[in-house]
Amino acid sequence: DAGVIQSPRHEVTEMGQEVTLRCKPISGHDYLFWYRQTMMRGLELLIYFNNNVPIDDSGMPEDRFSAKMPNASFSTLKIQPSEPRDSAVYFCASSLGAGRSTDTQYFGPGTRLTVL
Amino acid sequence: GNSVTQMEGPVTLSEEAFLTINCTYTATGYPSLFWYVQYPGEGLQLLLKATKADDKGSNKGFEATYRKETTSFHLEKGSVQVSDSAVYFCALSGGYSTLTFGKGTMLLVSP
């Protein structure tokens, strides 16, 4: 399996622009997670889906952030408008499980976002 | 709520030295515990896990034992290599597949 695929790997944009990050989970996995990693705050869970349905978006920092999962093989995280404080590495992860605590998450390589 | 505390880094060691990275947790119920590793420029990879008290997870020479009495899951390796240089994350899962991560500990191994 190719693993979790994220695109783009690097994104540089200017403040106010719309940014869309993309993720393809491992085939057959029914959970998908979006994380943000910064030096100051470490790894933060933004939102996660189960069978394409958003389950918990309490980690989404504000209304500028939105995430969708139109089908089992694709998800997007959108920031509109972007701000410099959104600069971070964004990870997507997927897991196969039944919502058990033993489930292993598999991470993509991340998208490094820089907002100027 | 759930939380994970791990020792701050960087941890700097010479090749073949013994490694310990401390991790303690706070959680309700019976969480599973994980160690993930992140190499430079890459995503996180599962290193090992333990799903119940007294379980020992092991992989690539690394070990960690789930100690419920001390709420700890310390990572150890008997002889580190330069290639082990990375950031190590302790995490717990209390259910519904979600993970709570520690802040990560950077390990630097010199030849």
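For the structure, check the block above.
Procedures and definitions
Residues numbered from 1 in each chain as written. Chains lettered and ligands numbered in written order. Predicted model: local features only at pLDDT ≥ 70, side-chain atom pairs only at ≥ 80, totals over all residues. Heavy atoms only, no water. Helix = DSSP H or I, 4+ residues; strand = E, 2+ residues; numbered from the N terminus. Buried < 20%, exposed > 50% of the residue type's maximum accessible area, 1.4 Å probe, protein only. Areas by Shrake-Rupley, 256 points an atom, 1.4 Å probe, with all protein chains shown as cover. Lys, Arg positive; Asp, Glu negative; His and termini not counted. Charge placed at Lys NZ, Arg CZ, Asp CG, Glu CD. Salt bridge = Lys/Arg side-chain N within 4 Å of Asp/Glu carboxyl O. Core = buried A, V, L, I, M, F, W, Y, C linked by side-chain atoms within 4.5 Å. Contact = heavy atoms within 4.5 Å. Disulfide = S-S within 2.5 Å. Pairing = 2+ DSSP bridges. Buried area = accessible area lost by both parts, 1.4 Å probe. Polar contact = N/O pair within 3.5 Å; in protein donor to acceptor, adjacent residues only side chain to side chain. Nonpolar A, V, L, I, M, F, W, Y, C, P; charged D, E, K, R; others polar.

Participant: Go over the overall build of chain A with me, naming the residues and quoting the values.
Facilitator: Each helix and strand in chain A was counted, giving zero helices and eleven strands. From first element to last, N terminus to C terminus, chain A shows the α and β order β-β-β-β-β-β-β-β-β-β-β. For chain A, buried positions account for 48% of its 116 residues. Only carbon and sulfur atoms are counted for the fraction: they give 50% of the accessible area of chain A, which is about 5700 Å². The centroid of the 11 positive side-chain charges in chain A is displaced by 3 Å from the centroid of its 13 negative side-chain charges.

Participant: Kindly report on the pattern of salt bridges, identifying the contributing residues and their values.
Facilitator: All names here are of chain A. Applying the stated criterion across every chain, the model contains eleven salt bridges over all chains. Ionic pairing is found between Glu44 and Arg36, a salt bridge with its closest N-O pair at 3.2 Å. Judged by its relative accessible area of 15%, Glu44 falls in the buried class. A residue is classified by how much of its surface remains accessible, and Arg36, at 9% relative accessible area, is buried. Between Glu62 and Arg85 there is a salt bridge, with the nearest N and O atoms lying 3.3 Å from each other. Of this pair, Glu62 sits in the loop between β6 (53–56) and β7 (65–71) while Arg85 sits in the loop between β8 (74–79) and β9 (88–95); the two residues are 23 residues apart in sequence, bridging distant segments of the chain. Judged by its relative accessible area of 26%, Glu62 falls in the partly exposed class. In this structure, a network of salt bridges that share partners links the residues Glu62, Arg64, Glu83, Arg85 and Asp86.

Participant: Tell me about the nonpolar core, residues and numbers included.
Facilitator: If you look at the biggest cluster of nonpolar residues, it comprises 26 residues, and the most contacted ones within it are B:Leu19, B:Trp35, B:Leu47, B:Leu48, B:Phe73, B:Leu75 and B:Tyr88. Listed by contribution, the elements that provide at least two residues to this core are β2 (11–14), β3 (19–21), β4 (23–26), β5 (32–38), β6 (44–50), β8 (62–65), β10 (86–95) and β12 (105–110) of chain B. Broken down by element, the residue count for this core peaks at four residues, all from β10(B). Contact partners of B:Leu19, with chain neighbours within four places excluded, come to B:Val11, B:Leu13, B:Phe62, B:Leu75, B:Glu76, B:Lys77, B:Val80 and B:Leu107. Listed in part, the 21 residues of the second largest apolar core include A:Ile47, A:Met60, A:Ala67 and A:Ile79.

Participant: Can you break down the state of the cysteines residue by residue, with the values?
Facilitator: This structure, assessed with the given rule, holds two disulfides over all chains. What pairs with A:Cys23 in a disulfide is A:Cys92, and their sulfur atoms sit 1.9 Å apart. Judged by the torsion about the S-S bond (-65°), the A:Cys23/A:Cys92 disulfide is left-handed. Here A:Cys92 lies in strand β9 and A:Cys23 lies in strand β3 (residues 19–24), a separation of 69 residues in the sequence. Given a relative accessible area of 0%, A:Cys92 falls into the buried group. What pairs with B:Cys23 in a disulfide is B:Cys90, and their sulfur atoms sit 1.9 Å apart. Its torsion about the S-S bond being -70°, the disulfide of B:Cys23 and B:Cys90 is classed as left-handed.

Participant: With reference to specific residues and values, describe the pairing of strand β7 (residues 56–59) of chain B.
Facilitator: Along any regular strand the residues' side chains alternate between the sheet's two faces. Residue and element names in this part refer to chain B. Bridge analysis of β7 against β8 gives four bridges, and the strand direction is antiparallel. Bridged to Ser58 within β8 is Glu63. Joining the antiparallel neighbours β7 and β8 is a turn of two residues, in which Lys60 adopts a positive phi near 55°.

Participant: Please give an account of the interface of chain B and chain A that cites residues and values.
Facilitator: Interface extent is often summarised as the accessible area lost during association of the parts. Contacts between the two partners involve 22 residues from chain B and, on the opposite side, 22 residues from chain A. Between chain B and chain A, roughly 1600 Å² of surface is buried when both sides are summed, and carbon and sulfur atoms account for 52% of that area. On inspection of chain B and its partner chain A, the count reaches zero salt bridges. Counting across the chain B and chain A interface gives four residue pairs in polar contact (both at pLDDT 80 or more). Secondary-structure elements contributing two or more residues to the side of chain B that touches chain A are β5, β6, β10 and β11 (98–101) of chain B. Residue composition of the side of chain B that touches chain A, grouped by class: nine nonpolar, ten polar and three charged.

Everything listed here is a matter of geometry and, on its own, says nothing about what the molecule does.
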